[in-house]
Amino acid sequence: MPQVKVIAKIRRRRIDIYNEFTTLLLELYQLKSVLALLDWDTQVNMPEKGAQRRGETVAYLAGLLHNKFISREFGKLLKSVKKLSQEGKLDEKQSAVAREVSREFAREKKLPEKHVRELAQLTSEAHQVWVRARRENKFRFFLPYLERIIDLKRREAECVGYRQSPYDALLDTYEPGAKAAEIDKIFTDLKEFLVPFLKKIQSDPLREASQIGLKKPKIRILRGNFPIDKQQELGRMVAEALGFDFTAGRIDQAVHPFATNFHPEDVRITTRFDTRDLFYSLMSTIHEVGHALYEQGLPVENFGTPLAESISLGIHESQSRVWENQVGRSLPFWKYFYPTLRRKFPQPFGKIKLEDFHRALNSVRPSLIRTEADEVTYNLHIILRFELEKALIEGEITPAELPKLWKKKMKDYLGIVPKTDREGVLQDIHWSAGLFGYFPTYTLGNLYSAQFYAAAKLSNPGLESQFSRGKFAKFRNWLKLNIHIHGKFYSADQLCKKITGKPLSAKYFTDYLASKYSQIYKLSD
Ligand code: CO
């Protein structure tokens, strides 16, 4: 055979293998979309009696997906594709697909099916027990379940493998590549800023003094009576202004606000309403819109591969936080939206000046409940949970010690102590669901958001004055071009260095807080 023909044949074979691989991969993603749709439907539309059957359907499809993924057929194809990649025969995007799929495949293969089933069974029981323990305020009901969950998660870490800490093996599910030791270092820097900064906000003598018209920012001036339909109108208007594409997404009501997607052109978010507190829904809508813009910004042509998937939970949360906090709680944003808010709700906003409104919206007060926390105190709630769960997984503390340690850390970091476990160690759903390693991604998101935002401002002078004119496209496009369109091509760490020139650090976030809250609280240096 002439050499040209042989080369052509080899090239064709190479393309065949890769195509066969992505065809099978696409099937997996189709199943993932169906599962996401079922989950959305469960949370948005589920009639009470349907829940049990739905659970069975989801378990069946999840099993199907798992078996297809770790099948011999897929494993063989993946091996060939990895070989092509190692031999330099794939382009860089194809290699990134091979790398990401291999990573997930290796993890899934290492977990014995027995373990997966045992954990699913245990967490489903533990959820019910946690609900009851929280309602009746009795940690001891939940304790034996928590002990078993932690045993299983430690076993999971052993199966998956790790270098330094078993916690790394769990963290990796949510924040690929992140290491407990690095997070520990960054969180310590953050904590060393936050604890004294919070004390300063609470005790600065200027705050108490009757300065010229200066009052303490009080969130309660923002309470009122806000009919749900008018809140809905406002939420949709803001979502649209920020760039949420209603032809590629929906907003519905659910008990817990969340964002999910079946495809970059079908992204769903949810919200919930409180008729007394408008911002309960509005700020969470802005948050979820941030998540949705990430999903809608993923490259649709790569659907069915990791190149149309988000990098990590931390990077995802950076997208929601940047819109919610850096944009949605800023003065420029409200310069634009405040007249509309006053028109829609003359009570109470007709009487409140813009500056007082903005200060009230950003008031800082330590709270017992994480989800009610403000920008300054929020991350202390996360650091507390990260420290405790890391120590649990590393075997340094026992679950029985949790209530006591929780109270001590609350006192040290936030200066308040929960009287009950309901307001303390029992408040979050995560541990009952076996989600160890999830909490730190919230704070990583806050840190990434500040670091990215600083870079965006640097390359777009006048960004904030655009916000005050209701123009958000430039910022949205910056996020899209720098973050969204890459899918999983870069790791979180690589992306951060590429955009900001530096690895993740707490500095950008602490600078942002120091500057913003020094103004709001008129702090002296
Ligand atoms: Co979020």
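What you see is a predicted model; the values in this text were computed from it and never measured. (Residues numbered from 1 in each chain as written. Predicted model: local features only at pLDDT ≥ 70, side-chain atom pairs only at ≥ 80, totals over all residues. Heavy atoms only, no water.)

1. Some details on the overall build of the protein
Rules: Secondary structure elements are taken from DSSP: a helix is a run of H or I of four residues or more, a strand is a run of E of two residues or more, and numbering for both begins at the N terminus. Each radius of gyration reported is based on C-alpha atoms, and the globular scaling rule is 2.2 Å times the count of residues to the power 0.38. The buried label applies to any residue whose accessible area, calculated with a 1.4 Å probe on protein chains only, is under 20% of its type's maximum; exposed applies above 50%, and partly exposed to all values in between. It only takes one pair of heavy atoms within 4.5 Å for two residues to be counted as in contact.
Secondary structure summary: the protein contains 22 helices and three strands in total. Over its C-alpha trace the protein gives a radius of gyration of 24 Å, about what one expects of a compact globule, namely 24 Å for 525 residues. Counting all 525 residues of the protein, 52% fall into the buried class. Nonlocal contacts in the protein, meaning residues at least 24 apart in sequence, comprise 73% of its contacts between residues at least 6 apart.

2. Details of the nonpolar core
What counts, and what does not: Among buried residues, those of type Ala, Val, Leu, Ile, Met, Phe, Trp, Tyr and Cys that are joined through side-chain atoms within 4.5 Å constitute a nonpolar core.
Within the largest apolar cluster, 147 residues are counted, with the highest numbers of intra-cluster contacts made by Phe279 and Phe349. Not counting residues up to four positions away in its chain, the partners in contact with Phe349 are Leu222, Phe226, Leu278, Phe279, Tyr338, Leu341, Arg342 and Phe357. With six residues, the next largest nonpolar core counts Ala36, Trp40, Ala254 and Phe258 among its residues.

3. So, the domain arrangement of the protein
The extent of an interface is frequently quoted as the accessible surface area lost upon association of the parts. Note the threshold: By convention here, the domain bounds are inherited from an automatic or database domain assignment. Take the accessible area each of two parts loses on contact, using a 1.4 Å probe, and add the two losses: that sum is the buried area. Criterion for a salt bridge: a side-chain nitrogen of Lys or Arg within 4 Å of a carboxyl oxygen of Asp or Glu.
Split by domain assignment, the protein resolves into domain 1 (3–161) and domain 2 (187–367 + 442–521). With centres defined by C-alpha atoms, the gap from domain 1 to domain 2 works out at 31 Å. At the junction of the two partners, domain 1 supplies 19 residues and domain 2 supplies 19 residues. Among the residues of domain 1 in contact with domain 2, Tyr29, Trp40 and Gln43 are the three that bury the most area, contributing 34% of the side total. There are one salt bridge connecting domain 1 and domain 2.

4. With respect to helix α3 (residues 72–86)
Cut-off, in case you're wondering: Here the expected length of a helix is defined as 1.5 Å per residue gap, with one fewer gap than residues.
Between its first and last C-alpha atoms α3 spans 21 Å; for 15 residues at 1.5 Å apiece the expected length is 21 Å, and the two agree. One or two steps after α3, the chain reaches Gly88, where phi turns positive at roughly 75 degrees.

5. A look at the coordination of the cobalt ion
Where we set the bar: For Na, K and Ca the donor cutoff is 3.2 Å, while for all other metals N, O and S atoms must lie within 2.8 Å; water is not among the atoms, so some sites may look incomplete.
Protein coordination at the cobalt ion: the donors are His287 (NE2), His291 (NE2) and Glu317 (OE), at 2.2 Å from the metal. Sequence positions of the residues that donate to the cobalt ion give the spacing H-x3-H-x25-E. Taken together, the residues span a long stretch of sequence, with His287 in helix α11 (residues 278–297) and Glu317 in helix α12 (residues 313–327) at a distance of 30 residues. Accessibility assignment for this pair places His287 and Glu317 in one class, buried.

6. Quick notes on the pairing of strand β3 (residues 266–271)
Inclusion rule: Two strands pair if DSSP finds at least two bridges between them.
Here β3 lies mainly inside the structure; five of its six residues are buried. Summarising the sheet, strand β2 (residues 259–263) and β3 pair through four bridges and their orientation is antiparallel. Bridge pairing in β3 links Ala259 to Ile269. In sequence, β2 turns back onto β3 through a hairpin of two residues.

7. A word on the pattern of salt bridges
One pass over the full model with this rule turns up 35 salt bridges. Here the salt bridges do not stand alone but share partners, grouping Lys32, Glu104, Glu309 and Lys488 into one network.

8. Observations regarding helix α20 (residues 473–482)
Operational definition: Of all possible arcs, the one meant is that of the directions from the helix axis to the C-beta atoms.
Residues of α20 that are buried: Phe475, Trp478 and Leu479. Down the axis of α20, the buried side of the element spans an arc of 95 degrees, and every buried residue falls inside it.

9. Quick look at the sheet that holds strand β1 (residues 249–253)
Quick reminder of the rule: For helices, the fitted line uses only the C-alpha atoms of the stretch in contact; every axis is such a line through C-alpha atoms, and the angle between N-to-C directions lies from 0 to 180 degrees.
One open sheet accounts for three strands, arranged β1-β3-β2; its pairing is mixed. Single-partner strands in this sheet number two, and they are β1 and β2. For this sheet, the mean angle separating the axes of adjacent strands, direction not counted, is 20 degrees. Here β1 runs beside β3; their pairing, made up of five bridges, is parallel. The residue bridging Arg250 from the neighbouring strand is Arg268, located in β3. Docked against the sheet, α11 engages β1, β2 and β3, running at close to 165 degrees with respect to β3.

10. Notes on the packing of aromatic side chains
Defined as follows: Aromatic contacts are taken between Phe, Tyr and Trp rings whose centres are within 6.5 Å, Trp giving its six-membered ring; a plane angle under 30 degrees counts as stacked, one over 60 as edge-to-face, and the others as tilted.
Across all of its chains, the model carries 39 aromatic pairs by this definition. Judged by centre distance (5.6 Å) and plane angle (75 degrees), the rings of Tyr167 and Phe386 are edge-to-face. Linking Tyr167 in helix α7 (residues 166–174) with Phe386 in helix α16 (residues 378–393), this pair joins segments that are 219 residues apart in sequence. The class of Tyr167 is buried, set by a relative accessible area of 0%. On the basis of an interplanar angle of 45 degrees and a centroid distance of 4.7 Å, the ring pair of Phe333 and Phe337 is categorised as tilted.

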